[in-house]
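Chain by chain, the residues run as shown.
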Amino acid sequence: MNLGRFPRIRFAHLPTPLEHLPNLSRALEGPEIFMKRDDCTGMSSGGNKTRKLEFLLAEARAQGADIVLTQGATQSNHARQTAACAAKMRIDCHILLEDRTGKTDHDYRQSGNVLLDHLHGATIEHCAANPDMNGELVKVAARFKADGRKPYLIPGGGSNPTGALGYVNAAMELMGQANDMGLKVDHVVHATGSAGTQAGLIAGLAGMRSGVPLLGVGVRAPRDRQEENVFKLACATAEMCGAAGAVRREDVVANSDYVGAGYGLSTPDSLAAIRTLARLEGILLDPVYTGKGMAGFIDLVRKGMFKKGQNIVFIHTGGSAGLFGYVGDFGFASRHA
Ligand SMILES: *Cc1c(COP(=O)(O)O)cnc(C)c1O
């Protein structure tokens, strides 16, 4: 797979570290656990969307766009990273934030990622929960076009084949690091949402014939729908980078048992996982994605899916800025507007 032929703007600190988590490994008495630190991609406190934005915003520039539009839930990490990258490339950014959780407290509505969106100079509008947010974004784009602007639309999570190229690249980076360390990777685990991360990783791992299985821990959709979304996008992404047909349906595995009450709503186990990583490793997870991903991973270790003697890589996809939008979930008083 040759990614060098796609336009790309370098925003991320790469390669991100691949490090052993000795204390968590010892505490769980299971496999050796390694973490791929994509929370350390650099822009605006980091996260996985920065890898996608390297390819997406290069396309925006090639198309002569003068404003970037995207959408997400109120505490969207994707929106925050888009705002930061747009600021760095000196292009306007407008964000449509969906009230997907029904949370109304001050922290959720104004702190965390929302504060950072403002600091990066993005303009923001809010809308009610909507099952077709990308359709809503097209309406917003029509408004900007009527004003003579040239908008570039980024779908929720940056999840289309162009964005997923960022995770094809991450798969190659990860396998290169593992090879250099003499590390045999038995399984890769991460939180999966809008599907671009998992789709890119699968396209990359399959395209390299790595033989490394991948598990996505779902944060929103039921398993069947999540796997269908990932499979479709993984096939399109593989085709885009010259590996058409490399992805098989059985390569796509998601587990949606850890969603809890819904997207963006913490669970007792996700809060426990956040505390565990903070106290054992000094690493910050987040309530929406990586806390649930880690809670699922820990539960599956306890159930024997991952065993002593194996090496498992958990990809930390970022999101710690969102912690400040969820202060009340940790038992502290949150301010009400
Ligand atoms: C967006 C996001 C994910 C999920 O990635 P997708 O490509 O949307 O599936 C995981 N973790 C964090 C912190 C995210 O912001």
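Rules and cut-offs
Residues numbered from 1 in each chain as written. Predicted model: local features only at pLDDT ≥ 70, side-chain atom pairs only at ≥ 80, totals over all residues. Heavy atoms only, no water. Helix = DSSP H or I, 4+ residues; strand = E, 2+ residues; numbered from the N terminus. Buried < 20%, exposed > 50% of the residue type's maximum accessible area, 1.4 Å probe, protein only. Contact = heavy atoms within 4.5 Å. Polar contact = N/O pair within 3.5 Å; in protein donor to acceptor, adjacent residues only side chain to side chain. Phe/Tyr/Trp six-rings, centres within 6.5 Å; stacked < 30°, edge-to-face > 60°. Lys NZ or Arg CZ within 6 Å of the ring centre and 35° of its normal. Pairing = 2+ DSSP bridges. Axes fitted to C-alpha atoms, helices over the stretch in contact; angles between N-to-C directions. Core = buried A, V, L, I, M, F, W, Y, C linked by side-chain atoms within 4.5 Å. Near = heavy atom within 4 Å. Areas by Shrake-Rupley, 256 points an atom, 1.4 Å probe, with all protein chains shown as cover. Nonpolar A, V, L, I, M, F, W, Y, C, P; charged D, E, K, R; others polar.

Chemist: Which residues make up the environment of Thr237, and what values go with them?
Modeler: Here Thr237 lies in helix α9 (residues 223-240). Using a relative accessible area of 0% as the deciding quantity, one classes Thr237 as buried. Put simply, Thr237 and Ala199 are 38 residues apart on the chain and 7.3 Å apart in space, counted from C-alpha to C-alpha. Beyond its immediate sequence surroundings of up to four residues, Thr237 is in contact with Pro161, Ala164, Leu165, Val168 and Ala203. There is a polar contact of 2.6 Å between the side chain of Thr237 and the backbone oxygen of Leu233.

Chemist: Lay out the packing of aromatic side chains in plain terms, naming residues and giving numbers.
Modeler: Under the defined criterion, the tally for this structure stands at four aromatic pairs. Ring centres of Tyr108 and Tyr326 lie 5.6 Å apart, and the angle between their planes is 85°; on these two criteria the pair is classed as edge-to-face. Residue Tyr108 is found in helix α4 (residues 106-110), and its partner Tyr326 is found in the segment after β10 (311-316); the two are separated by 218 residues along the sequence. When its relative accessible area of 1% is taken as the criterion, Tyr108 is described as buried. Note on Tyr326: relative accessible area 2%, which makes it buried. Residues Phe297 and Phe314 carry aromatic rings whose centres are separated by 6.2 Å and whose planes lie at 40° to one another, so their mutual orientation is tilted. Of the two residues, Phe297 is situated in helix α11 (residues 290-302) and Phe314 in strand β10; the sequence distance between them amounts to 17 residues. Grouped by ring-pair contacts, the aromatic residues Phe297, Phe306 and Phe314 constitute a single cluster. One cation-aromatic arrangement involves Arg100 over Tyr263; the distance from NZ or CZ to the ring centre is 4.4 Å. The ring of Tyr263 carries the charged tip of Arg220 above its face, separated from the ring centre by 5.5 Å.

Chemist: Which residues make up the sheet that holds strand β7 (residues 187-192), and what values do they have?
Modeler: Pairing within the open sheet is mixed, and its six strands lie in the order β1-β2-β10-β7-β8-β9. Across the chains shown, the open sheet's two edge strands, defined by having one partner strand only, are β1 (18-20) and β9 (254-255). Packed on one face of the sheet, α11 meets β2 (32-37), β7, β8 (214-218), β9 and β10 and runs near 165° to β10.

Chemist: Describe the nonpolar core, listing the residues and the values that go with them.
Modeler: One finds Val185, Val188, Leu201, Ile202 and Val313 to be the most contacted residues of the largest nonpolar core, which totals 36 residues. Elements with a minimum of two residues in this core: α7 (161-181), α8 (196-207), α9 and β10. With residues up to four places along the chain from it excluded, the contact list for Val188 reads Leu174, Val212, Pro213, Leu214, Leu215, Val313 and Ile315. Residues Met35, Tyr108, Val217 and Phe330 belong to the second largest nonpolar core, which totals 34 residues.

Chemist: A description of the site of the ligand should follow, citing residues and the corresponding values.
Modeler: Around the ligand lies a shell of 16 residues, among which Lys49, Lys52, Ser194, Thr197 and Thr317 are the nearest. At 2.6 Å, a side-chain N or O of Lys52 approaches an oxygen atom of the ligand. A total of 380 Å² of accessible area belongs to the ligand in isolation, and the protein chains cover 99% of it. Of all the secondary-structure elements, those providing two or more residues to the shell around the ligand are α2 (49-62), β7 and α8. Residue classes in the shell around the ligand are distributed as three nonpolar, eleven polar and two charged.

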